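One letter stands for each residue in the lines below.
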Amino acid sequence: MDRNSFYGPVDPARDAGWVDPPARKGFFTDTSICIGCKACEVACKEWNAVPEDGMSLTGMSYDNSVGLGASTWRHVAFIEQPASSGNQESGVRHDESHANLDVLALAGGQGDPSPPPASVDLGMPLPTLPGAGGEDSSVPFRWLMESDVCKHCTHAACLDVCPTGALFRTEFGTVVVQDDICNGCGYCVPACPYGVIERREGPKNDHAVGVAQKCTLCYDRLGEGMEPACAKACPTQSIQFGDLDELRQRADVRVAELVEAGVVDAQLYGHDPADGIGGAGAFFLLLDKPEVYGLPPDPVVTTRALPAMWGRAAMAAGTMLAGAAMAFLGSRR
Ligand code: SF4
Ligand code: SF4
Ligand code: SF4
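The protein chain has the name 4Fe-4S dicluster domain-containing protein in an unreviewed UniProt entry, where Rhodococcus antarcticus is given as its organism. Quoted verbatim from the Subcellular location (unreviewed entry) field of the UniProt record, the comment on the protein chain reads "Cell envelope".

What follows is the structure, given as structure tokens:
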């Protein structure tokens, strides 16, 4: 299970030597329905005993885990934009029959509700509160939220460079680290085109300190026929788990629906088997360009050039040997 092709569309489990593997498993993360609740981050930590990674906010958004790392196998990104989502009109009421309802009074059972204030301060940094000055004054605004994770690449450079076999391809087509085999060399860290995998730092009483860590796609749960903890916990089904081929079809339908509804920038990321990593096992529906979410727009498996490099190195070595042999033979005449 230690081979891996360097490019082109393949079934990675078969490519790695599994005989008659099950259908490849993966994630389709539909960011258009993510509400930023972070249940996925919490479920991942709970199930996998991943330690906390800091409780401070960045000061720029509601993001406190900042990015993927050794102790953040799921990361929910929050991106704030002065833009509308599709045909959405921020702060504009269209149903006047509900315009004067005081939902707090109703929730408290106080019967006849008093008129609501003209606007509500949601703490958002807008020059004008939504709807405060009528329809013309509404300010386009949206949050983009995206639950990021290891992409479980078809061609995984982290796995290609691992000298101990600690990283391996599972029968489900996913990429998993074996803690007890990793020697902490760190070769996998710069090899990942997404900056996902990292060695854990911290007190020595954690057996995983110094060891490369990342999402396993809950390999232990998959083995028991269960879905990954993050997908199980997601209340909106933003994280969808299943057979990768079926997820790709579902994603095509969903992106077409969104474009039809006016969300013209809706796009899939990582679903194309012809891309630079042979397609991701965990792919995404984004509402803006990948760079907006901090994702590389055109990732390429970093070991792609290895066969050509080894070929040239072998040619150079052969040329040197031939030169040395000719020099030796010439000196004997
Ligand atoms: S995203 Fe990075 S860590 Fe995950 S499989 Fe791909 S190369 Fe490896
Ligand atoms: S699949 Fe499992 S390990 Fe990976 S992010 Fe989800 S909960 Fe964490
Ligand atoms: S992906 Fe699901 S669980 Fe995670 S933040 Fe979004 S809605 Fe919540």
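Per the secondary structure count, the protein chain includes nine helices and ten strands. Within the protein chain, the fraction of its 333 residues that count as buried is 42%. Working note: accessible area of the protein chain is about 17,700 Å², and carbon and sulfur atoms make up 57% of it.

Our next topic: the site of ligand 1. C150, K151, C153, C158 and C192 are the nearest of the 14 residues found near ligand 1. Class assignment of the residues belonging to the shell around ligand 1 gives a composition of eleven nonpolar, one polar and two charged.

Bringing the pattern of salt bridges into the picture now. Where charged atoms from two side chains of opposite charge approach closely, those side chains can pair. All told, the structure shown has nine salt bridges when counted by the stated rule. Measuring nitrogen to oxygen at the nearest pair gives 2.8 Å for the salt bridge that ties D30 to R254. Taken together, the residues D30 in strand β1 (residues 25-30) and R254 in helix α8 (residues 244-260) connect sequence positions 224 residues apart. One network of salt bridges, with partners in common, ties together D30, R254 and E257.

The subject of this paragraph is the sheet that holds strand β9 (residues 267-269). Taken in spatial order, the four strands make up an open sheet running β8-β1-β10-β9, and their pairing is mixed. In this open sheet, the two edge strands, each paired with only one partner strand, are β8 (239-243) and β9. Strand-to-strand twist across the sheet, computed as the mean angle between neighbouring axes with direction ignored, equals 25°. Looking at chain direction, β1 and strand β10 (residues 282-286) are connected through four bridges and run parallel. By the bridge assignment, F27 is partnered in β10 with A282.

What follows covers the nonpolar core. Core analysis: the largest hydrophobic core is formed by 65 residues, its most contacted members being F27, L167, L285 and L287. The contacts of L285, once residues within four sequence positions are left out, are F28, T29, D30, T31, S32, R254, V255, L258, A266, Q267 and L268.

What counts as what
- Residues numbered from 1 in each chain as written.
- Chains lettered and ligands numbered in written order.
- Predicted model: local features only at pLDDT ≥ 70, side-chain atom pairs only at ≥ 80, totals over all residues.
- Heavy atoms only, no water.
- UniProt positions renumbered as here; feature names shortened; annotations may be inferred.
- Helix = DSSP H or I, 4+ residues; strand = E, 2+ residues; numbered from the N terminus.
- Buried < 20%, exposed > 50% of the residue type's maximum accessible area, 1.4 Å probe, protein only.
- Areas by Shrake-Rupley, 256 points an atom, 1.4 Å probe, with all protein chains shown as cover.
- Near = heavy atom within 4 Å.
- Nonpolar A, V, L, I, M, F, W, Y, C, P; charged D, E, K, R; others polar.
- Salt bridge = Lys/Arg side-chain N within 4 Å of Asp/Glu carboxyl O.
- Pairing = 2+ DSSP bridges.
- Axes fitted to C-alpha atoms, helices over the stretch in contact; angles between N-to-C directions.
- Core = buried A, V, L, I, M, F, W, Y, C linked by side-chain atoms within 4.5 Å.
- Contact = heavy atoms within 4.5 Å.

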